[in-house]
Every structure is written in C-alpha cells, then in structure tokens.
Amino acid sequence: MSKQILVLKSSPRENGNSNALADQLVGGAKEMGADVECLSIHDMNIQPCDACDVCQETGVCIVKDDMQKVYPLLEKADAIVLASPIYYFTINAQAKAVIDRLYALETEQGNSLGGKEIGIILTYGDTDLHNSGGINAIRTLEDTFRYIGAKIVGIVHGTADGVGDAEKDPELMKRAFNLGQKLAEA
Ligand SMILES: Cc1cc2nc3c(=O)[nH]c(=O)nc-3n(C[C@H](O)[C@H](O)[C@H](O)COP(=O)(O)O)c2cc1C
C-alpha cells in the first residue's frame, strides 16, 4: 500500500521558499507512488492551545476550529512534513500553534503520533544556520518529535529570503525532492 504523507505548510507566502521546497518534496514523494495531502495552515483557523486540559481527561480537544480537520489527517498519515519559514529565530507562529495543539493527542500510552515519520523544511533569510535561528527551530522540532516518539527522517534547511530564491538554488531544491522520495520509501 502506498505511503500516506501529510504536508503542513505554514508560510503566509503561497509562492514562498518553504512552500517551493515543500512542493519539491511532494514531487519526489509522488514519483515514488506516495499518496500526498497538503494543507496551508496559515489559511486555516488554528487557535493556540488554551491549556484547558480537557483533552488530558477525555482525549479530545474542545477548541472548535480547523485543527479538528487536521487531527484525523495527522492520525491517518504514515509521515508528516512540516514546512516553516524562520521568524524571529525559530519556526513561525502558525507552525507553533499546530505543535502546541498536539497536546490533545497525548495518551497514557504516549502521543498518538508516536512511530510516525517526520520530514522538516526550514527556510531563512540569513546565510548562516545559527545566526538565522534555524538551529533553534531544529532543536525545538528534534525535542518535540523525540518526546512524541516520532522519527525525523530528514531536515532540509537553507537560505532563501525573497520569493523565488529557493528555486534559484537547485541543490536545495534537489535535497527537498530527495527527502520526498525517502519519506515515500521509509
Ligand atoms: C516576521 C519575519 C521574521 C523573520 N525572522 C527571521 C529570522 O529570525 N532569521 C532569518 O534568517 N530570517 C528571518 N526572516 C526571513 C524569512 O525566514 C525568509 O524570508 C524565509 O525564506 C521566508 O520563508 P517563506 O518564503 O517560505 O515565507 C523573517 C521574515 C519575517 C517575515
């Protein structure tokens, strides 16, 4: 059966760099026969976690917003890809809101996303991973998915600031394509 891959794009720029790389990843994954679904989480109404803790009692998040559409897709997917621009030295707020809402998937046996495969795409304006804050995003996502028990299969990150810059970097684009292929196989 083909792999189910869910791609979450958090950039507000439809033609931006993280989306361009995510589209490359999708191309690589589809070439290998994966079944891919993409969501632009910036265009969805996804509220921050309000720490009501109801989910810790019932297993269900009571915040009635678009995250209710995302939860079943996350649970169905074999692999999840998060593509985010770096904003103020880490992932953007749209991406962080989704991550905080994963709290509702915690169970006594661990997070229900445990065992899934993860791909990460990050783009930043600075020329350096550390100065850009990309390193903080990587650290946050590594800690998050280690805690959840999901396996990061690959992280593609690079400098690409203005719209169209990622497409001018064929090596970066290729790395995203290759990660898509790897996720489809893994
Ligand atoms: C609000 C805001 C904050 C940003 N903060 C950083 C930053 O801390 N470090 C950095 O290197 N680039 C920063 N950038 C540049 C973006 O990371 C860069 O343009 C990236 O390619 C945007 O991705 P996108 O094209 O997918 O939207 C920032 C851009 C915006 C709009």
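Everything below is about the structure printed above this text.
Here is what the cut-offs are and how they apply
Residues numbered from 1 in each chain as written. Predicted model: local features only at pLDDT ≥ 70, side-chain atom pairs only at ≥ 80, totals over all residues. Heavy atoms only, no water. Near = heavy atom within 4 Å. Polar contact = N/O pair within 3.5 Å; in protein donor to acceptor, adjacent residues only side chain to side chain. Areas by Shrake-Rupley, 256 points an atom, 1.4 Å probe, with all protein chains shown as cover. Helix = DSSP H or I, 4+ residues; strand = E, 2+ residues; numbered from the N terminus. Nonpolar A, V, L, I, M, F, W, Y, C, P; charged D, E, K, R; others polar. Patch = residues over 30% accessible without salt bridge, like charges linked within 9 Å, V, L, I, M, F, W, Y side chains within 5 Å. Salt bridge = Lys/Arg side-chain N within 4 Å of Asp/Glu carboxyl O. Buried < 20%, exposed > 50% of the residue type's maximum accessible area, 1.4 Å probe, protein only.

## What about the site of the ligand?
What surrounds the ligand is a group of 17 residues, the closest being Ser11, Ser18, Ile86, Ala160 and Asp161. One nitrogen or oxygen atom from the main chain of Ile86 is found 2.7 Å from an oxygen atom belonging to the ligand. Here an oxygen atom of the ligand sits 2.9 Å away from a polar atom, N or O, in the main chain of Asp126. When isolated, the ligand has an accessible area of 640 Å², and the protein chains bury 77% of it. Every element with two or more residues in the shell around the ligand is listed here: helix 1 (17-31), strand 3 (79-87) and strand 7 (117-124). Broken down by element, the shell around the ligand gets its largest block of residues, three residues, from strand 3. When grouped by side-chain class, the residues that make up the shell around the ligand number seven nonpolar, seven polar and three charged.

## Examining the environment of Leu172
Relative to the helices and strands, Leu172 is located in helix 7 (residues 170-185). In the structure, Leu172 is positioned 63 residues away from Gln109 in sequence and 38 Å away in space, judged by C-alpha atoms.

## Some remarks on a nonpolar patch on the surface
On the surface, Tyr87, Tyr88 and Phe89 cluster together into a nonpolar patch covering about 410 Å² of accessible area. With respect to the helices, strands and loops of the structure, Tyr88 is situated in the loop between strand 3 and strand 4 (90-91). Classification of Tyr88 by relative accessible area gives exposed; the value is 77%.

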